[in-house]
Every structure is written in structure tokens, then in C-alpha cells.
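# Fold and contact review
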Amino acid sequence: MAAIHPKGAVKDEVVTYFFLIKHTEKGTVQSAAQKKKGVNDVTKVVKKEGGQCNLYSTRGAPFDYVSVMTGITTAAAVRIAAEIETRGTVKATLISGIEIMAARVISGTSPSEKRR
């Protein structure tokens, strides 16, 4: 049976996965080399799943890092979350979302210059 989509609906919307990551007690005492190895290991898993990711360090937020991943399935996102937590150095909260608006910035052009 074919899926029913409302008029104008996109059949295959791109899902972006946001991993909100916080160090555990064990993770706060890791060396820089250990942290880098963990990041590299997770990056390999993301690539193996066919995805791309960006990792952001945060300050003054309830999480230490935010990782944004695209090009993966929901099942892959769950597997990656498990991989992130496997060492016991961080906890990851997984949130999925679809883009509803994209901000576009034209370099060197102010809003008043665009109206002219």
C-alpha cells in the first residue's frame, strides 16, 4: 500500500541528528589525547554509516559538546549514540529534527544595501 502524503508534502525529508554531549566524572579527567582518540573513533563510525558530522564545543551551556550529524538513518543514529557512550566518559542525548528554515547570508551586503 502506498503512503499517503498531504498535498505539497516532501516525501523524503532530510533528518538532522543533534547529539548533546556531557562529560561524565570519568570524562572530566581524560587527557587531550584520550579525548581526541574518542572523537576520531566516533567519526570513523559515522563515516562507516555513510554520514557526516560536525562537533562543537560549548561554554556556559548544560552540555559540553553538540555534534550535528546528517546522512544517517535513525537506526544508525542510535548505534552512534551507543558508540559515543561506550567508553563511559560522556553521556549523549539524541535529538532529531528537520529543517524548517535556512538562513542565507550574502557576504558584504547589508539589508539596506539589498533594498536599493
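Being a predicted model, the structure only gives us computed values, none of them experimental.

## Description of helix H2 (residues 74-85)
An ideal rise of 1.5 Å per residue puts 16 Å on 12 residues; H2 measures up with 17 Å between its terminal C-alpha atoms. Here H2 has its buried residues at Ala76, Ala77, Ile80, Ala81 and Ile84. Each buried residue of H2 lies within a common arc of 140° when the element is viewed along its axis, so the set occupies one face. Elements that come into contact with the buried residues of H2 comprise strand S1 (15-23), helix H1 (32-48), strand S3 (65-70) and strand S4 (90-98).

## Brief notes about the sheet that holds S4
Read from one edge of the open sheet, four strands run S2-S3-S1-S4, paired in antiparallel fashion. The sheet terminates laterally at strand S2 (52-57) and S4, the two strands that pair on one side only. Pairwise comparison of adjacent strand axes, ignoring direction, gives a mean angle of 20° for this sheet. Of the strand pairs in this sheet, S1 and S3 are connected by five bridges, and their pairing is antiparallel. When the sheet's bridge partners are listed, tyrosine 17 is paired in S3 with methionine 69. Packing of H1 onto the sheet brings it into contact with S1, S2 and S3, and relative to S2 it is tilted by some 155°.

Conventions and cut-offs
- Residues numbered from 1 in each chain as written.
- Predicted model: local features only at pLDDT ≥ 70, side-chain atom pairs only at ≥ 80, totals over all residues.
- Heavy atoms only, no water.
- Helix = DSSP H or I, 4+ residues; strand = E, 2+ residues; numbered from the N terminus.
- Expected span 1.5 Å × (residues − 1).
- Buried < 20%, exposed > 50% of the residue type's maximum accessible area, 1.4 Å probe, protein only.
- Arc of directions from axis to C-beta.
- Contact = heavy atoms within 4.5 Å.
- Pairing = 2+ DSSP bridges.
- Axes fitted to C-alpha atoms, helices over the stretch in contact; angles between N-to-C directions.

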